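Okay, here's what each chain looks like letter by letter:
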Amino acid sequence: MSDILKIGVLVSGSGSNLQAIIDRIEDGTLTAKVACVISNKADAYALERAKRHGIATHVLDHRSHAGREAYDAALVELLRSHGVQLVVLAGFMRIVTPVLLEAFPHAVMNIHPALLPAFPGLHAQHQSLQYGVKITGCTVHFVDEGTDTGPIIIQAAVPVMEDDTEDSLSARIQVEEHRIYPEAVRLFADGRLTINGRRVVIAPLEP
Ligand code: GAR
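Residues numbered from 1 in each chain as written. Predicted model: local features only at pLDDT ≥ 70, side-chain atom pairs only at ≥ 80, totals over all residues. Heavy atoms only, no water.

### Considering the overall build of the chain
Then comes step 1: Along its length, the chain carries six helices and nine strands.
Then comes step 2: Whereas a compact globule of 207 residues would reach a radius of gyration of roughly 17 Å, the chain reaches 16 Å, a difference of no more than 12%.
Then comes step 3: Considered along the principal axes of its C-alpha atoms, the chain spans approximately 50 × 50 × 35 Å.
Then comes step 4: For the chain, with 207 residues in total, the buried portion stands at 47%.
Then comes step 5: Total accessible area on the chain stands at roughly 10400 Å², and carbon and sulfur atoms take up 53% of it.
Then comes step 6: In the chain, 18 side chains carry a positive charge and 24 a negative one; their mean positions are 2 Å apart. (Helix = DSSP H or I, 4+ residues; strand = E, 2+ residues; numbered from the N terminus. Rg over C-alpha atoms; globule rule 2.2 N^0.38 Å. Buried < 20%, exposed > 50% of the residue type's maximum accessible area, 1.4 Å probe, protein only. Areas by Shrake-Rupley, 256 points an atom, 1.4 Å probe, with all protein chains shown as cover. Lys, Arg positive; Asp, Glu negative; His and termini not counted. Charge placed at Lys NZ, Arg CZ, Asp CG, Glu CD.)

### Remarks on the site of the ligand
Then comes step 1: The local shell around the ligand consists of S14, G15, S16, N17, G91, M93, I111, H112, P113, Q174 and E177.
Then comes step 2: For the ligand, an oxygen atom lies 2.6 Å from a polar atom in the side chain of S16.
Then comes step 3: Measuring from an oxygen atom of the ligand, one finds a side-chain N or O atom of N17 at 2.9 Å.
Then comes step 4: Protein contact buries 85% of the 450 Å² of open area that the ligand shows by itself.
Then comes step 5: Only α1 (16-26), β5 (108-112) and α6 (166-189) provide two or more residues apiece to the shell around the ligand.
Then comes step 6: Split by residue class, the shell around the ligand holds three nonpolar, seven polar and one charged. (Near = heavy atom within 4 Å. Polar contact = N/O pair within 3.5 Å; in protein donor to acceptor, adjacent residues only side chain to side chain. Nonpolar A, V, L, I, M, F, W, Y, C, P; charged D, E, K, R; others polar.)

### Comments concerning the environment of D167
Then comes step 1: By secondary structure assignment, the location of D167 is in helix α6.
Then comes step 2: The class of D167 is exposed, set by a relative accessible area of 65%.

### Some points on the side chain of R94
Then comes step 1: Mapped onto the elements, R94 comes out in the loop between β4 (86-89) and α4 (98-103).
Then comes step 2: Buried and without a salt bridge, R94 has D72 as its closest oppositely charged side chain, separated by 5.2 Å.
Then comes step 3: Aside from chain neighbours lying at most four places away, what touches R94 is N40, H62, R68 and Y71. (Salt bridge = Lys/Arg side-chain N within 4 Å of Asp/Glu carboxyl O. Contact = heavy atoms within 4.5 Å.)

In C-alpha cells, the structure reads:
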C-alpha cells in the first residue's frame, strides 16, 4: 500500500467541500489522494468538479438498491475497489448504516453546518435562525450510528447577523467549512487523531 492516504468522497450536491479538499491537495497543504467521488445523484455538480481534476467518479442511485444496507454494501465494494482508507461525507444527504461504518472503522467523517450537538439533522442553518442563536458554525466529526452524533474533530464558530437569511448564513458557514474539512483530513492523514470515548484527541505536531 502506498503511504499517501486514499480518500473516497461521497456527495449529493454542489461539492464545494470536495473542491476545498482537492485545492488543498493540489497546493500541497494536504498530502492525500482523492481516489474516487461517489454520488447518489446523477446531476450532482460535484461530479463535474471531480472530472475536471481527473478523479474517478461513480453514480450509485439509491433507488436501484433494495434498502439502506444493500446500498451501503455496494458503496463499500466500490470504495474498496479504489483502495479507499478514509471515507469523507461531503454534503452526502443519506444516513449511512453499520455496513459502511464496520467496513471503515473510525474512518468515516462528516461535515455538518452547525455547532453540534446543536441542530443535528436536516436544514441546520434554518434551525439556527429559527431558534435565534447568535453564534453558529460547523462541525467535522467521525460518523457513528446516530445522526450527527459522532466524536467531534474540529468546530468553527460563525456569528449570526441580524439580517441573515438562510443563504447568507450558509455562505458564511461554508467559508469555515472549506477551511476545517481539509484540516481534519490532514490531521487524519498525519495520524494525529485518536478517539477516546466521545473525545477526539489531537496529537501535537512532532518537533
Ligand atoms: C455543506 O454545507 C454541509 O455542511 C451540508 O451540506 C453542504 C454541502 O455543500 N451537510 C449537511 O447538511 C449534512 N447534514 P457542498 O456540496 O458544497 O460541499
